[in-house]
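Structural overview
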Amino acid sequence: MSKQTAVDHLSNVPMFSSCSKKELAAIAKSSDQLSVGDGYTLTTQDESSREAFVLLSGKAIVKRNGRKVAELGPGDSVGELGLLDHGVRTATVVTDGPAEILVVGPREFSALLSDVPSLSKKLLQHLAATVLGQIAERNKLDTATVDDVIWGTSSQRGAQGADMGRMAALDAGYDVK
């Protein structure tokens, strides 16, 4: 698959959906593209987390404690938090049939954020929205009952630094006013 095709696929990945074509090209250039077979392990639960994966084609199965909890398809990504915290994986993810994946390693990710600073805010907002969405889903939270979302930042500028908490809540589908 060409880098242009990777850019086209990346534009459909929720994590990168707000990125410009130039930013998507930088992400594609910073990643490795792999063709893998059935049963290829992307992540292993409780092991160190360092890279992120974007499924370009094919399917993958997500298991926690040996139990299937989700199925992933083209455009889905796993391991984004690992690029930030290098914690342990919360699930095992294995391909279900042949797949094309993009792999973003920690050095490449760090260099990408340095080279394309506009990505930082977009990715942070996506990650925050993902966390807020999971909080709502796992707790069966009626988001209309949420009055406000406060998200700390160390470098606010302007009116609340573009109000990261509110924007992430809106992205996560919260019914904030």
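All figures in this text were calculated on a predicted structure; none of them were measured in a lab. Every chain begins its residue count from 1, and numbering advances along the sequence as written. A pLDDT threshold of at least 70 governs which residues receive local features in this predicted model, and a stricter bar of 80 or more applies before side-chain atom pairs are shown or counted, although totals over entire chains, interfaces and linings include all residues. To get the side-chain values, all heavy atoms of the structure are used, and hydrogens and water are removed first.

**Digging into the layout of surface pockets**
- The way it works is a 1 Å grid over only the protein atoms, where trapped points that fit a 1.4 Å probe form a cavity and open points with protein on both sides within 12 Å along at least five of seven lines form a pocket, and then any residue with an atom within 4 Å of a point lines it. Grid points are joined across faces, edges and corners, and a volume is the space filled by probe spheres set on the points. Each pocket or cavity is described by its volume, and for the largest pocket that value is around 1,000 Å³.
- Residue lining of the largest pocket: 33 residues in total, with Arg64, Ser77, Glu80, Thr90 and Thr130 positioned closest to the centre.
- When contributions to the lining of the largest pocket are tallied by element, the ones reaching two or more residues are β4 (60-64), β5 (67-72), β6 (77-78), α3 (80-85) and α5 (118-138).
- A total of seven residues in the lining of the largest pocket trace back to one element, the largest contributor, which is α5. Numbering of helices and strands starts at the N terminus; helices are DSSP runs of H or I of at least 4 residues and strands are runs of E of at least 2.

**Considering the side chain of Ser77**
- Tracing the backbone through its elements, the reader meets Ser77 in strand β6.
- Since its relative accessible area comes to 18%, Ser77 is described here as buried.
- Contact between two residues is taken to exist if any of their heavy atoms lie within 4.5 Å; hydrogens are not considered. Those residues in contact with Ser77 that sit more than four places away from it in its chain are Met15, Phe53 and Val54. Residue exposure (1.4 Å probe, protein chains only): buried if accessible area is under 20% of the type maximum, exposed if over 50%, otherwise partly exposed.

**As for the pairing of strand β3 (residues 52-57)**
- The element β3 is largely enclosed, with a buried count of five among its six residues.
- The pairing of β3 with strand β8 (residues 99-104) spans five bridges and is antiparallel. Bridge pairing in β8 places Ser57 opposite Glu100.
- Two strands are counted as paired when DSSP detects at least two bridges linking them. Where β3 lies against β6, two bridges are found, and the strand directions are antiparallel. Residue pairing for β6: Val54 is matched across the bridge by Ser77.

**Some words on the environment of Ala52**
- If you trace the backbone, Ala52 turns up in strand β3.
- On the accessibility criterion, Ala52 (4% relative accessible area) is buried.
- With 51 residues separating them in the primary sequence, Ala52 and Val103 have C-alpha atoms 5.8 Å apart.
- Sequence-distant contacts of Ala52, defined by excluding residues within four places in its chain, comprise Val78, Gly79, Glu80, Leu83, Leu102, Val103 and Val104.

**Side note on the nonpolar core**
- Residues enter a nonpolar core if they are buried and are Ala, Val, Leu, Ile, Met, Phe, Trp, Tyr or Cys, with the set joined through side-chain atoms within 4.5 Å. Leu10, Phe16, Leu24, Ile27, Val54 and Leu119 are the most contacted members of the largest nonpolar core, which totals 22 residues.
- Mapped by element, the contributors of at least two residues to this core are α1 (3-10), α2 (21-30), β3, β8, α4 (106-115) and α5.
- In terms of residue count, the dominant contributor to this core is α2 (four residues).
- Ignoring any residue separated from it by four or fewer positions in sequence, one finds Leu10 in contact with Phe16, Leu24, Ile27, Ala28, Val54 and Leu102.

**Some remarks on the side chain of Ser31**
- Locating Ser31 in the fold gives a position in the loop between α2 and β1 (32-36).
- Polar contacts, as counted here, are pairs of nitrogen or oxygen atoms within 3.5 Å of one another; within protein the pair requires one atom able to donate a hydrogen and one able to accept it, and residues that are adjacent in sequence qualify only if both atoms are side-chain atoms. Reaching out from Ser31, the side chain makes a polar contact with the backbone oxygen of Ala28 at a distance of 3.0 Å.

These figures capture arrangement, not role.
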